[in-house]
Structures are given as structure tokens and as C-alpha cells.
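Residue-level structural notes
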Amino acid sequence: MSAAEKTAGSAPTRSRPIVGWGVHDGLVVARRNLIQTVRVPELLFFSLVQPVIFVLLFAFVFGGAIPIPGADPGSAPDTSVYRQYLMPGIFGQTVAFAAAASTVGLAEDMHRGLIDRFRSLPMSTGAVLFGRTFADAARQILVLIVLGITGYLVGWRINDGVFNATLAFILLLFFAYTVAWVGSWIGLYMPNPETANTAGLVWLFPLTFLSNAFVPITSMPDWLQPIAQWNPISSLVLATRDLFGNPTGIIGDAWPQQNPVLYTLISCAVLIAIFAPLSIRRYRRTTAR
Amino acid sequence: MVAVIEAHGLVKKFGDVVALDGLDLVVPEGTVVGLLGPNGAGKTTAVRILTTLLKPDTGNATVAGFDVVRQPNKVRGVIGLTGQYAAVDEYLTGRENLRMFGDLYHLKASYVRERSLELLERFDLADAADRSLRTYSGGMRRRLDLAASLIAKPSILFLDEPTTGLDPRSRLGLWEVITDLVAEGTTVLLTTQYLEEADQLAEEIVVIDHGRVIAKGTSDTLKDDVGGDRIEVVLTDRGLLERAAALLAPVATGEIVTDHEEARVAVPVTGGSASLIDAIRRLDSEGIDIADVVLRRPTLDDVFLTLTGHVAEDES
């Protein structure tokens, strides 16, 4: 037995960073979650299959039947216009689905008992959630690249310069980060990963379809239009259509439609302000199940 | 001896279910205390409170002198926890797992590297160090899990059913590791539903049921409380049972029990092997054939049955 072994609890620690341990711990957890992406390429592959199928379905099957008032040159729907219109919608829907990854990831961490271990460590409280949301948003960079290429192949183009396009992608990633917090909060209530697989997705389908992602809001019944106009997905999609220089169709009078970038940023800020504290609060009481 | 874990009157309810009902516990420095009880007795709840994962409804507890409710991060800095699950990341390699937990303990990177190597070798995982955990067996995961809880050299280790679900060989391996740790001065609180495990590892056993302590002591004192040794003789001819019982009466220190079905006589004794030899001579001198004979110490199973009225593995 060495002297070091006798004095248990004597392992040398690092000096505390000026900003505290939060950022360090969050990055350690994020690195772990990103390594997971590399180790299980199947997961990434299948998370790409769905949006790619959507691109192909809407571009070649539904697109011809969906008119975009104010954008189609003639009276009949124009598929090349629709494909330009479609891609920002696909981007918006895809980043929204980042939430499901957070839900399932946290449910798995609870199921495997990892949450117990993390909570028994002297690490900063929010780090598991900050790391999770950061990694789930960062993963979307790769997803957006693959989707962008798919879009290019079916005729989508960036028409308003690299700078605005970059802003559009940043907005999309910020939105992914936001919904990852909502997904995390849901994940912490899941009894098992199987339930999380379903519950992580169910709310996302109505949320993304009750928007301008695939069809113009003007084509919806009157009572539904305000909901779609105030849906943050609609403002996100409209903002990115603007920034990519893609057709927007007729823009509604509602404030979110008139100020899509601002409304998207406010929505994200409000959602994070609600769901980050809620999630952290829940995390502090969570144990493995 | 200094108590490093102390709990007084811990109560924890989940809705209508009372998980802990006034639990008191003291673990002296450098010892292994085994918390023994059936499923649902409150073992895991007790460990979760002591490791700061849950807050008690009432009562208080300190670990290494730190209050588990008011100073949770101080407690977390000195403990290691190995739960019922192999709480390690499935997709990372063994080495990456240890690095992650070392980083989260805020340990120096160079130290984490050396310590990881040392632990991987010690737990017979050096060859698998750079493989993803998806290729690990259940026993390997448990060993890595234990290694992860040792990365910061904690002075106090909580082991919540560490061998549940392991095959006998892996279980023996883990027992060896735990025994070594204690020899190095680590204080261990172990929960188990396996009586044999508590018997093997723990110096003091605390038996809990329905969230409260119903008995404590060393394995031997608990067994003595239940009763001393017992000679059990099985005869080839069950017709001779009554005669055998009469012959053995002078050896007995209590009531002799005969079991006609099994052709068995059970005789409580105090003299150990001397009384066994005596008993065999008495039967032999009368020409009574013996099919089987044993001198039995009471097992913890007997202890448990006597104390709780049900066997340890019972769900109730």
C-alpha cells in the first residue's frame, strides 16, 4: 500500500476556472454526446433519412399540386418555385426534430443510471443539460449540410449572398438549441426510453405541420391561420426564406409574419428562459429508473 | 473509531409509500457496513439520500462530516457511488469513460491519465481499454463502473447492490476487489439482498425491512441471536426416529425436532464438533444407520426469516 493510497480522497484537482466550472463541465458532457454521434453513425444516418425522404416526396410528389400564391409566375403551380419554397421548410422542420434526440438521450441516461452517477459527482448542476442541448444542436450542422446538398440537387439555391445565408443557418441552429431544451424537459419525465421514442416526436408533427413549412398559411382555414402565423416555426421558416432569397409567397399581416427574424429570436429567448430553469429544476430531483 | 457516515431518523415517503421510516445508521471509518434487506426495504432510498441524490423528508445525515442536504457538493467530492446499473456510457471506450468522470471530478488531466491506466489494469480491463463498451460483457461493465467511482480515490464508497445480475465468477471477482479496497482504508457502505454477500464482505450487518433497522451486529452475533448450532441427522429407517431422538436427548440443549417425512432429527447443541462426535457414537452404539449428518450454523437466511417472518428474496 503506497502512501497515496492510504490518504484516500487525495487526488490532485485542477484550479477553478475564472468563469466557474459550468462551461468546462458542459463541454465535457457535450464532447461525450458528440463522440456518441461518431460511434453510432447509424443513428445519424437514420436521422437524415426522414428529412431527405420529405424533400423527395414534396419535391416530386406533392409539390406539383401546391400553389404558392404571389410566387408562381403563371396561374398553375410551378414545381421549380415550390422546391425553392420547400427547402427552408424542411430545414425548419428538421432542426425542430432535434428536440426528439434530447428527449430520448436523457431518457436513456436515466434508464442506464448515468444520471445518478452524474448527480453524485461534484460537477456543476446544469452541465448535463447544457452539454446535451449544445451537442444536439451542434449535430444539426452536419444534418443541415447534407440537407443543403440534397436541396441543391433538386433545384434549391441560395439567392441572397453568403452573409445572409450564414445568418439563416445560425438562426436555424439557435432554434435547434431552443427546442433541445423543450425536448430535455420532456425527456426528464419519461419513464423509459421506449416511451421517449414516441413522446419525443408526437408534439413535433402537429407543431411543424401547423406552419408555413410545406404549404402557404393562406391555404389553411381562417380559424387555423392565426395559430400558424404565431407558430415560431412559421417565423423561423419565413425568416430563412427571406435570408436565402427564396420565394415567400404572400406574407400575412400578423406581427410575427411581418417581423420574422425578431419574432423567432424572441420566441427562442422566451422558450429557453422557461424550459432551461424547468429542466434544471427537474434534473436536480431526478434519479435513475 | 470515527463515524464517517451518520444518519438519524431518516424518513422518506413517495406518495403513500413509506420508503424510509426513521432509519438510523452509523458507519465507522475504514469499515464495511452491509445494509441487508429484501427488495423494497429502503436500501436504495437510503443510499440515494446519503449520496445527495434525494432529500429526506425529515431526519439528517452527514458524510465525512458534511451535511448531505446543506453541503451536497462537499459530500460529492469525497464519495464514490456504484449503483445497481452499470452507470457508464455505452458508446465511449473504457478509457474515455474514465477520462470523462475524471474531468467531471475536476481532476488534473495528467493524474486522470495515470489513474485510468492503473484502474484499467487492476480491474483486468487493460486489453479492452480502447474498445467501445458495446463490446463489453456485463461483468466488464460492472468493473468499469466500479473503476469510474474510484477515479478520484474517494475515501467513502457506496455500493448499491454491486453484484446483482452478475454471474458467480464475476461476483467473486468483484468481491475480491472490494476486499482489497477496504484493506487500503476505504470506508464502504454496501447494500445487498444476498445474505452470502453481506456475510462475506461486511464486518457489521444492518438488517432493514420496511424502511427501518430491525437488527444489527456482526454476522456471528446475528446468528447467535437466532440460536446456536444444530445437528441434523437423517436416518435410513424412519421407523427408528423416535428412538434416535430419545438417544440424543442428553446431547441436546433445547427441543429436539423430528421430521418424519425427511427421516430427520434436528438437535440444538452448544458443543460444536465434540457434540457431533458424541451424537454419532450414541447412535452407532445402538446400531442405528445414519444416511447423512451435519453440524449447521444458522445462516443469515435463518436470521432473516426469524426477524422478518419472510425470506430475504421475497418481493414483499
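Coordinates for the structure precede this section.
Now for a look at the structure at hand. From a predicted model like this one, the values you see are computed outputs, not experimental measurements.

As a further point, take the pairing of strand S3 (residues 32-36) of chain B. All names here are of chain B. Of all five residues that make up S3, five are buried, and the element is covered over most of its length. Burial of S3 is two-sided: the residues Val32, Gly34 and Leu36 facing one way and the residues Val33 and Leu35 facing the other way are all buried. Where S3 and strand S8 (residues 187-192) come together, five bridges link them in parallel fashion. Considered in S8, the bridge of Leu36 is made with Thr192.

Attention shifts here to a nonpolar patch on the surface. Residue and element names in this part refer to chain A. On the surface, a nonpolar cluster with roughly 630 Å² of combined accessible area is contributed by Trp230, Trp255, Leu262, Ile266, Val270, Ile274 and Leu278. The greatest single-element share of the nonpolar patch, amounting to five residues, is contributed by helix H14 (residues 260-283). Considering the arrangement of structural elements, one finds Val270 in helix H14.

Glancing now at the packing of aromatic side chains. All names here are of chain A. Evaluation of the coordinates by the stated rule reveals 22 aromatic pairs over all chains. Ring geometry for Phe45 versus Phe46: centroids 5.1 Å apart, planes at 80°, classification edge-to-face. For Phe46, a relative accessible area of 57% translates into the label exposed. Here the aromatic rings of Trp156 and Phe244 are separated by 5.2 Å at their centres, their planes lie at 90°, and the arrangement is edge-to-face. Here the residue Trp156 occupies a position in the loop between helix H7 (127-153) and helix H8 (161-187), and Phe244 occupies one in helix H12 (residues 232-244), the gap between them amounting to 88 residues. Here a set of aromatic residues connected by ring pairs shows up, and it is made of Phe54, Phe58, Phe62, Phe97, Phe205, Phe209 and Phe214. Above the face of the Tyr152 ring, Arg157 is positioned so that its terminal group lies 3.8 Å from the ring centre.

With that settled, consider the pairing of strand S4 (residues 58-63) of chain B. Residue and element names in this part refer to chain B. Sheet topology note: the strand S1 (residues 3-14)/S4 ladder contains five bridges and is antiparallel. Note on S4: the bridge partner recorded for Val11 is Thr58. One ladder, built from two bridges, connects S4 with strand S5 (residues 66-67); its direction is antiparallel. Among the inter-strand pairings, Val63 is bridged to a residue of S5, identified as Phe66. Hairpin connection, S4 to S5: the antiparallel pair is bridged by two residues, and Ala64 has positive phi, about 55°.

With eight of eight residues buried, helix H1 (residues 43-50) of chain B lies mostly within the body of the structure. Once H1(B) finishes, Thr52(B) follows within two positions and takes phi at roughly 70°, a positive value.

Attention shifts here to the interface of chain A and chain B. Of the residues lining the interface, 40 residues belong to chain A; the matching set on chain B comes to 45 residues. Buried surface at the junction of chain A and chain B, both sides included, amounts to about 3,900 Å², of which 55% is carbon and sulfur. Counting across the chain A and chain B interface gives seven salt bridges. The salt bridge involving Asp116(A) is made with Arg48(B); its shortest N-O contact spans 3.3 Å. Of all the elements, helix H2 (residues 22-39) of chain A adds the most residues to the side of chain A that touches chain B, at nine residues. Taken together, the residues of the side of chain A that touches chain B sort by class into 16 nonpolar, nine polar and 15 charged.

Our focus in this paragraph is the sheet that holds strand S11 (residues 229-235) of chain B. Residues and elements named next belong to chain B. Taken in spatial order, the four strands line up as S12-S13-S11-S14 in an open sheet, and their pairing is antiparallel. At either end of the open sheet lies a strand with only one pairing partner, and these are strand S12 (257-259) and strand S14 (290-296). Between one strand axis and the next, the sheet turns by 15° as a mean value, whatever way the strands run. Taken strand by strand, helix H9 (residues 241-248) contacts S11, S12 and strand S13 (264-269), and its axis lies near 10° from that of S13. Relative to the sheet, helix H10 (residues 273-285) contacts S11, S13 and S14, its axis offset from that of S14 by approximately 160°.

Here is what the cut-offs are and how they apply
- Residues numbered from 1 in each chain as written.
- Chains lettered and ligands numbered in written order.
- Predicted model: local features only at pLDDT ≥ 70, side-chain atom pairs only at ≥ 80, totals over all residues.
- Heavy atoms only, no water.
- Buried < 20%, exposed > 50% of the residue type's maximum accessible area, 1.4 Å probe, protein only.
- Helix = DSSP H or I, 4+ residues; strand = E, 2+ residues; numbered from the N terminus.
- Pairing = 2+ DSSP bridges.
- Patch = residues over 30% accessible without salt bridge, like charges linked within 9 Å, V, L, I, M, F, W, Y side chains within 5 Å.
- Areas by Shrake-Rupley, 256 points an atom, 1.4 Å probe, with all protein chains shown as cover.
- Salt bridge = Lys/Arg side-chain N within 4 Å of Asp/Glu carboxyl O.
- Phe/Tyr/Trp six-rings, centres within 6.5 Å; stacked < 30°, edge-to-face > 60°.
- Lys NZ or Arg CZ within 6 Å of the ring centre and 35° of its normal.
- Contact = heavy atoms within 4.5 Å.
- Buried area = accessible area lost by both parts, 1.4 Å probe.
- Nonpolar A, V, L, I, M, F, W, Y, C, P; charged D, E, K, R; others polar.
- Axes fitted to C-alpha atoms, helices over the stretch in contact; angles between N-to-C directions.

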